[in-house]
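# Coordinate inspection notes
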Amino acid sequence: MKRSRRQFLKVASLSVAGLGAQLAAGGVTKAAAAVKPSYKEDALALKAKRWAMVIDTREFASKEDFDACINACNFAHNVPEIPGKTEIKWIWKDAYEHTFTETTNKYQSKEIEDREYFMLCNHCENPPCVRVCPTQATYKLENGIVAMDYHRCIGCRFCMAGCPFGARSFNFTDPRPYIKEINPKFPTRMIGVVEKCNFCVERLDEGKLPACVEAAPGKIHFGDLSDPESEVRKLLEENYTLRRKPALGTEPGVFYII
Amino acid sequence: MLEKVLKGSPKYYMWLAFLGGIIGIGAITYLFQLQYGLGLTGMNRDVTWGFYIAQFTYLVGIAASAVMLVLPAYFHGYKQFKKIIIFGEFMAIGAVIMCMLFIVVDMGMPQRMLNVMLHPTLNSVMFYDMMVLIGYLCLNAIIGWKTLECERFQIAPPQWVKYLIYTSVIWAFSIHTVTAFLSQGLPGRHYWLTAVLAARFLASAFCAGPALLLLLLMVVKKIAKFEIGKEAIKTLTIIITYAMCLNVFLFLCEVFTAFYSNIPGHMHPLHYLFAGTEQGLPWVTYWMWIGAVLAIASLVLLIPTSLRENMKILPWALGMLVLATWIDKGLGLIIGGFAPSPFETWATYAPTVPELLISLGIFGVGAFVVSILWKIAIDVKKEAGTL
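Residues numbered from 1 in each chain as written. Chains lettered and ligands numbered in written order. Predicted model: local features only at pLDDT ≥ 70, side-chain atom pairs only at ≥ 80, totals over all residues. Heavy atoms only, no water.

### Overview of the overall build of chain A
Test applied: Under the scheme used here, helices are H or I runs from DSSP no shorter than 4 residues and strands are E runs no shorter than 2 residues, and both carry numbers assigned from the N terminus. Relative accessibility thresholds used throughout: buried, under 20% of the residue-type maximum; exposed, over 50%; partly exposed, between the two (1.4 Å probe, protein chains only). Contacts are residue-level and defined by heavy atoms, with any inter-residue pair within 4.5 Å sufficient. Residue burial considers only the protein chains on display, and all accessible areas are found by Shrake-Rupley using a 1.4 Å probe.
The secondary structure content of chain A amounts to nine helices and 10 strands. By residue count, 51% of the 258 residues in chain A fall in the buried class. Put simply, 65% of the contacts in chain A that link residues at least 6 apart link residues at least 24 apart. Carbon and sulfur atoms make up 55% of the accessible area of chain A, which amounts to about 12800 Å² in all.

Take a look at the structure:
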């Protein structure tokens, strides 16, 4: 009797240890490699090895130019318009000095300084937000997009401390009353989770370009950074571009033609 | 030994009832927060951690500080500490429980908390933090309980407890290092991005923790009528003094690096905390200066031996030290990390009343746990004649 109990305990503890190790090992590999989708893709889906965006900042002059993109995004993703310091932003505009904090000159072209610039998630190649997330609620897809699972997020906001671009927003209160017009094709979020731009991954799957790109034809370009023949690569070759905070080594996927 | 909890004086029950009231207020406020969201706090899009995480950071240090009693006693055979070790270990239990509660109330989705274990993520420091905190809680509970039990029956603790104690020494260092790694590995948060942060955390913990312990012991010895031991107090205050000197030194290293290098990113947070902005002085500037003055004053009272050994001055010096480190490593550290924002703007934050009430409730839980555990320890030790 005594022996059998000891044997049972041995087997039980070994299996618990084994299970723990397996879970842990799974954690490492899962986090290290990009997530492979297990579903069947739409035949129309747009594909790339590394999605990237090139914003031609010279083309954005009036408030309407910016608003067209911002409103398209807000509607597509049910982004609430919450006033004050707890606002939710996926794509927004700000001054040069707030966008390119590391490339400011005291004296520079007035035209460039007066211009406003879009900010959104950079979908970094080495995303700190993915690195710090304790539940893999934020993860990198095979195509380079940094995606989020709103149903797994525990709302610890570690990713917000980790993101050096301020691209993430937290639902401090229930966002639903602040959504102007609900788009039934995209889920709304609930209280207590983090959210951010998803490079319109849901639209790419249907063969459509991101909402902001569609709303600003010829002004924002979207394509495969790994393909030398792609439009974005050609634009990068022909124009002088900036990225935000390149010194941090996150390798942002959003480029700005200045 | 648990029966000791139930046998106490009316004052003891009144104290527990008082704590129960505080816990109740905190709990009710928390229900509101659960319903309304973290919008009830002063946190915002640019300052995403606040009073809760600040308390968490500070209390991990308090928990880890038990090692300053355990290490001399078990690694160097210093017998004077053996009498009070149990109080350090039991205080650590209270502190770790408070840490966990502060993490829980800070979560937007506390009901999904177990996701951290269901999807273990080895590249996230938070995963390790959860593991080491749970581990440290278990270690202290097992070690504390077993050694006290052995003291009660007047037998030597079994050998395996010793191995656990050695583990707990290393574990204590690890819990605070991991807590520092939560912040110091983040790109773009200049105030935290420094290799010396973990060392600063440890130094600040090893002065603040023993100081708080000694203060509490001074109060409790009057109520329960026992002696801490002059030799023990002397040695512990020397440890506290050295650790505080190291803490201040490491902070000054930060100041030098920031201002001599003249790199704006490194200077901004310190400038914000101590000199405000072009728009004026935020409340935190006054707060930080209070901390700085208290830190210096505590050292002035602790460094000269004649003052340090004066039992009338000592509580004041310790109190100032605890406050100074609480200001520096609590809100100061958190606010400094978020100012300036990723857009080089001055993000502001101040805790709200509900936030403070919830925090008070958690402190109440900690005090409740420590009161009960210390009551057991004192009663058992008195019966065994070891106090």
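Now that the structure has been shown, we can carry on.
### Quick notes on the overall build of chain B
The test is simple: The atom set for the radius of gyration is the C-alpha atoms, and the globule formula is 2.2 Å times the number of residues raised to the power 0.38.
Helix and strand counts for chain B stand at 14 helices and zero strands. Order of helices (α) and strands (β) in chain B, N terminus to C terminus: α-α-α-α-α-α-α-α-α-α-α-α-α-α. Rg of the C-alpha trace for chain B: 21 Å, near the compact-globule value of 21 Å for 387 residues, within the 12% margin. Along the longest, intermediate and shortest principal axes, the C-alpha atoms of chain B span 65 × 50 × 40 Å. Each of the 387 residues in chain B was classed as buried or not, and the buried ones make up 56%. Counting contacts in chain B only where the partners sit at least 6 residues apart, residues at least 24 apart contribute 77% of the total. Surface exposure of chain B reaches about 16000 Å², of which carbon and sulfur atoms provide 73%.

### A short note on the confidence of the model for chain A
Put simply, the rule reads: Scored from 0 to 100, pLDDT records how confident the predictor is in each individual residue.
Confidence along chain A averages 90 in pLDDT terms, with 86% of residues attaining 70 or more. Every residue in residues 26–32 of chain A is under pLDDT 50, and counting partners more than four places away or in other chains gives five contacts.

### Digging into the pattern of salt bridges
Residue and element names in this part refer to chain A. Rules: One side-chain nitrogen of Lys or Arg within 4 Å of one carboxyl oxygen of Asp or Glu is enough to make a salt bridge.
Using the criterion set out here, one finds 22 salt bridges over all chains in the structure. With a closest N to O distance of 3.3 Å, K219 and D65 form a salt bridge. On the criterion of sequence distance, the pair formed by K219 in the loop between α8 (211–215) and β8 (220–224) and D65 in helix α2 (residues 63–76) is long-range, its members being 154 residues apart. The partner of K89 in a salt bridge is E87, and the shortest N-O contact between them spans 3.4 Å. Judged by relative accessible area, which is 15%, K89 ranks as buried.

### Observations regarding the interface of chain B and chain A
Here is the rule we go by: Accessible area that two parts lose when put together, with a 1.4 Å probe and added across both, is what the buried area reports. We define a polar contact as two N or O atoms separated by no more than 3.5 Å, with the added condition that, inside protein, one atom must be a possible hydrogen donor and the other a possible acceptor, whereas residues neighbouring each other in sequence contribute only through side-chain atom pairs.
Listed per partner, the contact involves 39 residues of chain B and 52 residues of chain A. For the pair chain B and chain A, the summed buried area comes to about 3700 Å², and 59% of that belongs to carbon and sulfur atoms. For chain B, the biggest contributors to the area lost against chain A are R45(B), R112(B) and F343(B); these three give 21% of the whole. If you look at where chain B meets chain A, you find one salt bridge. D106(B) is the salt-bridge partner of R157(A), the closest N and O atoms lying 2.7 Å from each other. Scanning the region where chain B abuts chain A turns up 26 residue pairs in polar contact (both at pLDDT 80 or more). Looking at the side of chain B that touches chain A, the elements with two or more residues in it are α1 (10–36), α5 (115–118) and α6 (125–152) of chain B. It is α6(B) that provides the largest number of residues to the side of chain B that touches chain A, a total of three residues.

### A short note on the pairing of β8(A)
All names here are of chain A. Put simply, the rule is: Note on pairing: two strands pair once DSSP finds at least 2 bridges between them.
Within β8, five of the five residues are buried, leaving the element largely enclosed by the surrounding structure. Note that strand β1 (residues 51–56) and β8 share five bridges and pair antiparallel. Considered in β8, the bridge of W51 is made with D224.

### Considering the packing of aromatic side chains
All names here are of chain B. Note the threshold: When two rings of Phe, Tyr or Trp (its six-membered ring) have centres within 6.5 Å they constitute a pair, described as stacked for plane angles under 30 degrees, edge-to-face for angles over 60, and tilted for the intermediate range.
One pass over the full model with this rule turns up 33 aromatic pairs over all chains. Consider the rings of W49 and W192, whose centres lie 6.1 Å apart with planes at 25°: the pair is stacked. Residue W49 is located in the loop between α1 and α2 (51–64), and its partner W192 is located in the loop between α7 (159–184) and α8 (197–224); the two are separated by 143 residues in the primary sequence. Taking the centre distance of 5.8 Å and the plane angle of 70° together, the rings of W287 and W326 count as edge-to-face. Of this pair, W287 sits in helix α11 (residues 283–302) while W326 is found in helix α13 (residues 314–338), placing the two residues 39 residues apart along the sequence. Accessibility expressed as a relative area gives 23% for W287, which makes it partly exposed.

### A look at the confidence of the model for chain B
Per-residue confidence for chain B averages 94 on the pLDDT scale, and 100% of its residues sit at or above 70. Interface confidence for the predicted complex, expressed as ipTM, amounts to 0.91; the pTM equals 0.91.

### Notes on the packing of helix α4 (residues 85–106) of chain B against α6(B)
Residue and element names in this part refer to chain B. Our working rule: Axis angles are defined between N-to-C directions and span 0 to 180 degrees, where every axis is a line fitted to C-alpha atoms and, for a helix, only to the segment in contact. With respect to orientation, any angle under 35 degrees is reported as roughly parallel, any angle over 145 as roughly antiparallel, any angle of 65 to 115 as roughly perpendicular, and every other angle as oblique. By convention the crossing between two helices is left-handed if the near helix lies anticlockwise of the far one by an angle smaller than a right angle, and right-handed if it lies clockwise.
Look at α4 against α6: their axes get within 9 Å of each other, and the N-to-C directions meet at 150°. It follows from the interaxial angle that α4 and α6 lie roughly antiparallel. Crossing geometry of α4 relative to α6 is assigned as left-handed. For the pair α4 and α6, the contacting residues are I86, E89, F90, A92, I93, V96, I97, C99 and M100 in the first and L133, I134, Y136, L137, N140, A141, I143, G144, W145, T147 and L148 in the second.

### Concerning the environment of A211(B)
All names here are of chain B. Relative to the helices and strands, A211 is located in helix α8. Looking at A211, the relative accessible area reads 0%, which means it is buried. On a C-alpha basis, the gap between A211 and N44 in space is 34 Å, while along the polypeptide they are 167 residues apart. Discounting chain neighbours no more than four positions away, the residues touching A211 are I240, L318, L321 and V322.

### Some remarks on the sheet that holds β1(A)
Residue and element names in this part refer to chain A. One open sheet holds the four strands; their spatial order is β8-β1-β10-β9, and the pairing between them is mixed. Strands at the two margins of the open sheet, each flanked by one partner only, are β8 and β9 (241–242). Where β9 and strand β10 (residues 254–257) come together, two bridges link them in antiparallel fashion. Each residue of the ladder has a partner; that of L242, found in β10, is Y256. Against the sheet, helix α9 (residues 231–238) contacts β1, β8, β9 and β10, and its axis sits at roughly 115° relative to β8.

### Considerations on the packing of α2(B) against α4(B)
Residues and elements named next belong to chain B. Filter applied, for reference: Note on residue categories: nonpolar means Ala, Val, Leu, Ile, Met, Phe, Trp, Tyr, Cys or Pro, charged means Asp, Glu, Lys or Arg, and polar means any other residue, Gly included.
Contact geometry of α2 with α4 gives a least axis separation of 8 Å together with a crossing angle of 160°. One finds that α2 runs roughly antiparallel with respect to α4. The hand of the α2/α4 crossing is left-handed. Within the contact between the two elements, α2 uses Y52, I53, Q55, F56, L59, V60, I62 and A63 and α4 uses M91, A92, A95, V96, M98, C99, F102, I103, V105 and D106. Split into classes, the residues belonging to the contact of α2 with α4 amount to 16 nonpolar, one polar and one charged.

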